[in-house]
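Reading the structure
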Amino acid sequence: MTRRHPPASTAQGLTARAAGLIGCRVCGLASTPDHTSCPRCGAHLASRAPRSLQRVWALWIVGLICYIPANLLPIMITSTIGQSYVSTIVGGAVEVAQHGDIPVALVILIASVAIPIGKFAAIGFLAYSIQRGVSVPPAARIHLYEFVEFIGRWSMIDVFVVAILSALVHLGWLASIEPGPAAPFFALSVIFTMFSAQAMDPRLIWDSAEQNRKNG
């Protein structure tokens, strides 16, 4: 006797889309298609976010463009006794390390260099994996997406440090610290990458995995 296998929606769990419903991205409530907003939280309902990948790539590219001058231009201008010194993000971290504050320098490098570059790589990989299909399990890609959203809030620490120092160090002509032209570029880069991650509909990851399974 031939053994029948249950359909994918039964074996792997019935999705809201397969049941003819729309799942809310905010609270997870499943609603009928006649609802345009979630009855529970009021968020806009859509089976899949329209033009999600187009918006992801557009915001990703703008964020990457802003990140280049953010690293090339001075992030901080220090004036002491009439002399001015400029520091880039990496140069400022090196100076902090040379003064013995290695933990602070590591925090600056991780928050201002490692995390932004990692976010660019992760968002680009996730968008590419949805478009082209990869062998990485969808659950792992969902965890990566959640990690990108979580870690994004710490990317502004370098701008916060400069803002705090600018407010605290104002001793007239003796010493002062001012934000450099790189600060707004860095802030814009962080904002655009955050918007890029938020524009991605993670349900597309499961859709691409299901499509790869059917094609495979």
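Sequence order as written defines the numbering, with residues in each chain counted from 1. Per-residue local features of the predicted model are confined to residues with pLDDT of at least 70, and side-chain atom pairs are confined, for both listing and counting, to 80 or more; whole-chain, interface and lining totals are unaffected and use all residues. With hydrogens and water excluded, all non-hydrogen atoms of the structure serve as input to the side-chain values.

**Observations concerning the pattern of salt bridges**
- Note on definitions: salt bridges are taken to be side-chain nitrogens of Lys or Arg within 4 Å of carboxyl oxygens of Asp or Glu. For the structure on display, the rule yields one salt bridge.
- R203 is the salt-bridge partner of D201, the closest N and O atoms lying 2.9 Å from each other.
- With a 1.4 Å probe rolled over the protein chains alone, any residue whose accessible area is under 20% of its type maximum counts as buried; one over 50% counts as exposed, and the rest are partly exposed. Residue classification places R203 among the buried residues on the basis of a relative accessible area of 18%.

**A few points about the nonpolar core**
- In this text, buried Ala, Val, Leu, Ile, Met, Phe, Trp, Tyr and Cys residues form a nonpolar core when linked through side-chain atoms within 4.5 Å. Core analysis: the biggest nonpolar cluster contains 27 residues, and V56, I75, I123, I130, F186 and M200 have the highest contact counts within it.
- The secondary structure listing takes helices from DSSP runs of H or I that are at least 4 residues long and strands from runs of E that are at least 2 residues long, numbered from the N terminus. Put simply, the parts of the chain that give this core at least two residues each are α2 (52-72), α4 (102-132), α5 (138-151), α7 (182-199) and α8 (203-215).
- When residues of this core are assigned to their parent elements, the largest contribution, seven residues, is made by α4.
- Residue contacts are counted whenever heavy atoms from the two residues lie within 4.5 Å of one another. If we ignore the near neighbours within four places in the chain, the residues touching V56 are I123, A127, S196, A199 and M200.
- Residues I22, C24, C38 and L45 belong to the second largest nonpolar core, which totals five residues.

**Looking at the packing of aromatic side chains**
- Whether two aromatic rings pair depends on their centres lying within 6.5 Å, for rings of Phe, Tyr and Trp, where Trp uses its six-membered ring; planes under 30 degrees apart make the pair stacked, over 60 edge-to-face, and the rest tilted. Scanning the entire structure with this criterion turns up four aromatic pairs.
- Relative to F120, the ring of W60 lies with its centre 6.0 Å away and its plane at 85°, an arrangement referred to as edge-to-face. With W60 in helix α2 and F120 in helix α4, this pair connects stretches of sequence that are 60 residues apart. Accessibility classification places W60 together with F120 in one group, the buried group.
- With centroids separated by 6.4 Å and ring planes inclined at 45°, the aromatic side chains of Y67 and F186 adopt a geometry described as tilted. Here Y67, found in helix α2, pairs with F186, found in helix α7; they are 119 residues apart in sequence, far enough to count as distant. The same class applies to Y67 and to F186, which are both buried.
- Through successive ring pairs, a cluster of aromatic residues spans W57, W60, Y67, F120 and F186.

**As for the packing of α2 against α4**
- To get an axis, a line is fitted to the C-alpha atoms, and for a helix only the part in contact is used. The angle between two axes follows their N-to-C directions and goes from 0 to 180 degrees. Interaxial distance between α2 and α4 falls to 11 Å at its minimum, and their mutual angle equals 155°. By the angle between their axes, α2 is roughly antiparallel relative to α4. Every pair of crossing elements has a handedness; the one defined by α2 and α4 is left-handed. Residues L53, V56, W57, W60, G63, L64 and Y67 of α2 lie in contact with α4, whose contacting residues are S112, V113, P116, I117, F120, I123, G124, A127, Y128, I130 and Q131. In what follows, roughly perpendicular refers to angles from 65 to 115 degrees, roughly parallel to angles under 35, roughly antiparallel to angles over 145, and oblique to any angle outside these ranges. Crossing handedness is defined as follows: a turn of the near helix away from the far one that is anticlockwise and smaller than a right angle gives a left-handed crossing, while the clockwise case is right-handed.

**Quick word on the packing of helix α3 (residues 89-98) against α4**
- Following both chains from N to C, one finds α3 and α4 inclined at 165°, their axes separated by 7 Å at the closest point. Accordingly, the angle class assigned to the pair α3 and α4 is roughly antiparallel. You can see that α3 and α4 cross each other, and the crossing is left-handed. Within the contact between the two elements, α3 uses I89, V90, A93, V96 and A97 and α4 uses I102, V104, A105, I108, L109, S112 and V113.
- A breakdown of the residues in the contact of α3 with α4 according to their chemical character gives 11 nonpolar, one polar and no charged. The classification used treats Ala, Val, Leu, Ile, Met, Phe, Trp, Tyr, Cys and Pro as nonpolar, Asp, Glu, Lys and Arg as charged, and all other residues, Gly among them, as polar.

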